[in-house]
Amino acid sequence: IEVEEIREELLDRFGKLPEPVENFLSLTLLRIAAGNKEIKGLKRKGPKLEIELQKPLPANMTARIPDIKNARVDGNILILNLEGNASMDAIHQLIHLL
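Residues numbered from 1 in each chain as written. Predicted model: local features only at pLDDT ≥ 70, side-chain atom pairs only at ≥ 80, totals over all residues. Heavy atoms only, no water.

Quick notes on the overall build of the protein chain
Argument step 1. A count of helical and extended segments in the protein chain gives three helices and four strands.
Argument step 2. What you see in the protein chain, going N to C, is helices and strands ordered as α-α-β-β-β-β-α.
Argument step 3. Intrachain contacts of the protein chain at a sequence separation of at least 6 include 43% that bridge at least 24 residues.
Argument step 4. If you sum the accessible surface of the protein chain, you get close to 6300 Å²; carbon and sulfur atoms cover 51% of it. (Helix = DSSP H or I, 4+ residues; strand = E, 2+ residues; numbered from the N terminus. Contact = heavy atoms within 4.5 Å. Areas by Shrake-Rupley, 256 points an atom, 1.4 Å probe, with all protein chains shown as cover.)

Comments concerning helix H1 (residues 3-14)
Argument step 1. Relative to the 16 Å expected for 12 residues at 1.5 Å per residue, H1 spans 16 Å between its end C-alpha atoms, a close match to the ideal helical length.
Argument step 2. Of the residues trailing H1, Gly15 is marked for its positive phi of about 85°. (Expected span 1.5 Å × (residues − 1).)

Topic: the sheet that holds strand E3 (residues 71-74)
Argument step 1. Pairing within the open sheet is antiparallel, and its four strands lie in the order E1-E2-E4-E3. One side of each edge strand has no neighbouring strand; the edge strands of this open sheet are strand E1 (39-45) and E3. Strand-to-strand twist in this sheet, taken as the mean axis angle between neighbours without regard to direction, amounts to 15°.
Argument step 2. Sheet topology places strand E2 (residues 48-53) next to strand E4 (residues 77-81); five bridges connect them, and they run antiparallel. Each residue of the ladder has a partner; that of Ile51, found in E4, is Leu78.
Argument step 3. On top of the sheet, helix H2 (residues 19-34) reaches E1 and E2; it is set at about 165° to E1, its chief contact. (Pairing = 2+ DSSP bridges. Axes fitted to C-alpha atoms, helices over the stretch in contact; angles between N-to-C directions.)

Some remarks on the environment of Asn23
Argument step 1. For Asn23, the position within the fold is in helix H2.
Argument step 2. Sequence separation of Asn23 and Arg44 is 21 residues, and the distance between their C-alpha atoms is 8.6 Å.

So, the pattern of salt bridges
Argument step 1. Summed over the entire model, instances satisfying the criterion amount to five salt bridges.
Argument step 2. With a shortest N-O distance of 3.3 Å, Arg7 and Glu4 are connected by a salt bridge. Within this pair, Arg7 and its partner Glu4 are both found in helix H1, separated by three residues, close to a single helical turn.
Argument step 3. Looking at Arg7, the relative accessible area reads 11%, which means it is buried.
Argument step 4. We note a salt bridge from Arg13 to Glu9, for which the minimum N-O separation is 3.0 Å. Pair noted here: Arg13 and Glu9 are both in helix H1, with a separation of four residues, about one helical turn.
Argument step 5. By relative accessible area, Arg13 is classed as exposed at 57%. (Salt bridge = Lys/Arg side-chain N within 4 Å of Asp/Glu carboxyl O. Buried < 20%, exposed > 50% of the residue type's maximum accessible area, 1.4 Å probe, protein only.)

Structural data, given as structure tokens:
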């Protein structure tokens, strides 16, 4: 079953989804997109998303996607601040660049 189909089923059955459920579904989509990349892990910590890779990232990695602001690279971990500035589409684009 596709994640979007699950989202539609939940919406149909329960109405507007709580933010934690939306976050869970979004993170699931990111994990699927990251499946064939050199990504060791994805963690959501409050308003931050940490993407851990198997190798170090170039410091200018976040400059490749203009919609992502307030992100930083710490060795092989990309830390994104999701508070209102990084759309899930922009994060998907970034994952595809990795």
